[in-house]
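If you want the building blocks of each chain, they are given just below.
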Amino acid sequence: MPQEGEIGQKLELKGQFKALKEAQNMVVEFSIPSYLKLAASVQGEDGPSMQFTQDWECYPDSYEFRFDRIVLRYALLRAGKQCDFTFYALPSFEGQFVLPSSKLYEENATEVW
């Protein structure tokens with residue numbers, strides 16, 4: 001669904017994923033379009049960079065903020081587990097945008113879900 005954004009306006013973006021089967025070493029990648037900058041990477045930006053649901057199983061074992069994606073890593077994610085989270089970004093220019101689809105995969109496997 002397209003969202004509106006103005007330069008410098010902090011946007012709240014919501015992500016969600018669900019594991020279809022139990023997975024070990026699960027990686028979840030959320031792509032970020034080049035015209036958005038993650039608030040976590042903007043110097044001087046206050047407040048949380050990402051918020052997870054209250055469910056402890058949804059909090060990743062590790063995560064990375066890259067210029068073009070957010071990478072979440074889970075040692076174990078059980079089947080049917082749905083996780084929601086919110087992250088913040090700043091548009092580089094005004095207009096509408098659509099977030100690209102995300103990827104879920106086991107780190108040692110080549111299949112993308």
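Scroll up to find the structure this text is about.
What counts, and at which threshold
All residue numbers refer to positions counted from 1 along the written sequence of the respective chain. For a predicted model such as this one, the threshold for reporting local features is a pLDDT of at least 70, and the threshold for listing and counting side-chain atom pairs is 80 or more; totals across whole chains, interfaces and linings nevertheless cover every residue. Hydrogens and water are ignored here; the side-chain numbers use all heavy atoms of the structure. Secondary structure elements are defined from DSSP: runs of H or I of at least 4 residues count as helices, runs of E of at least 2 residues count as strands, and each element is numbered from the N terminus. For the exposure calls, accessible area comes from a 1.4 Å probe over protein chains only, and a residue counts as buried if that area is under 20% of its type's maximum, exposed if over 50%, partly exposed in between. Note on contacts: a residue pair is in contact if any heavy atoms of the two residues lie within 4.5 Å. Under the convention used here, a 1.4 Å probe and the Shrake-Rupley method define accessible areas, while residue burial counts only the protein chains that appear. Should DSSP find at least two bridges between two strands, the strands are taken to pair. In this analysis an axis means a line fitted to C-alpha atoms, helices contributing only their contacting stretch, and an angle means the value between N-to-C directions, from 0 to 180 degrees. For the purposes of this section, nonpolar cores are sets of buried Ala, Val, Leu, Ile, Met, Phe, Trp, Tyr and Cys residues that join through side-chain atoms within 4.5 Å. Only Phe, Tyr and Trp rings take part, Trp by its six-membered ring, and two of them pair if their centres are within 6.5 Å. Stacked means planes under 30 degrees apart, edge-to-face means over 60, and tilted covers everything else. In this description, the term disulfide denotes a pair of cysteine sulfurs within 2.5 Å.

Caption draft 1: Examining the overall build of the protein chain more closely. Of the regular secondary structure elements, the protein chain holds zero helices and ten strands. Its helices and strands in sequence order give the protein chain the pattern β-β-β-β-β-β-β-β-β-β, from N to C terminus. Within the span of the protein chain, comprising 113 residues, buried residues form 35% of the whole. Pairs at least 24 residues apart make up 78% of the contacts formed inside the protein chain by residues separated by at least 6 positions. Roughly 6900 Å² of accessible area belongs to the protein chain as shown, and the carbon and sulfur atoms make up 47% of that amount.

Caption draft 2: Expanded view of the sheet that holds strand β6 (residues 62-65). If you trace the four strands from one edge of the open sheet to the other, you get β6-β7-β3-β10, paired in antiparallel fashion. At either margin of the open sheet sits one strand with a lone partner, and together these are β6 and β10 (103-106). Neighbour-to-neighbour, the strand axes of this sheet turn through a mean angle of 15°, independent of strand direction. Direction of pairing for β6 relative to strand β7 (residues 69-77): antiparallel, over a ladder of four bridges. Of the residues in β7, the one forming a bridge with S62 is R73.

Caption draft 3: Main features of the nonpolar core. Residues F17, M26, V28, L72, Y74, F85 and F87 are the most contacted members of the largest nonpolar core, which totals 23 residues. Those elements that place two or more of their residues in this core are β2 (11-18), β3 (23-31), β4 (36-38), β5 (50-52), β7 and β8 (82-91). If sequence neighbours within four positions are ignored, V28 has contacts with F17, I70, V71, L72, Y74, K103 and L104.

Caption draft 4: Representation of the packing of aromatic side chains. For the structure on display, the rule yields six aromatic pairs. Look at Y63 and F65: their rings are 5.5 Å apart centre to centre, the planes differ by 75°, and that puts the pair in the edge-to-face class. Clustering of aromatic rings is evident, with ring pairs tying together F17, F30, Y74, F85 and F87.

Caption draft 5: Region of interest: the environment of T53. Within the secondary structure, T53 sits in the loop between β5 and β6. Distance from T53 to D84, taken between C-alpha atoms, is 5.8 Å for residues 31 residues apart in sequence. With residues up to four places along the chain from it excluded, the contact list for T53 reads C58 and D84.

Caption draft 6: Layout of the state of the cysteines. One pass over the structure, following the stated rule, counts one disulfide. Disulfide partner of C58: C83, at an S-S distance of 2.3 Å. Measuring handedness by torsion sign, the sulfur bridge of C58 and C83 sits at about -85° and is left-handed. Separated by 25 residues along the polypeptide, C58 in the loop between β5 and β6 and C83 in strand β8 bring together distant segments of the chain.

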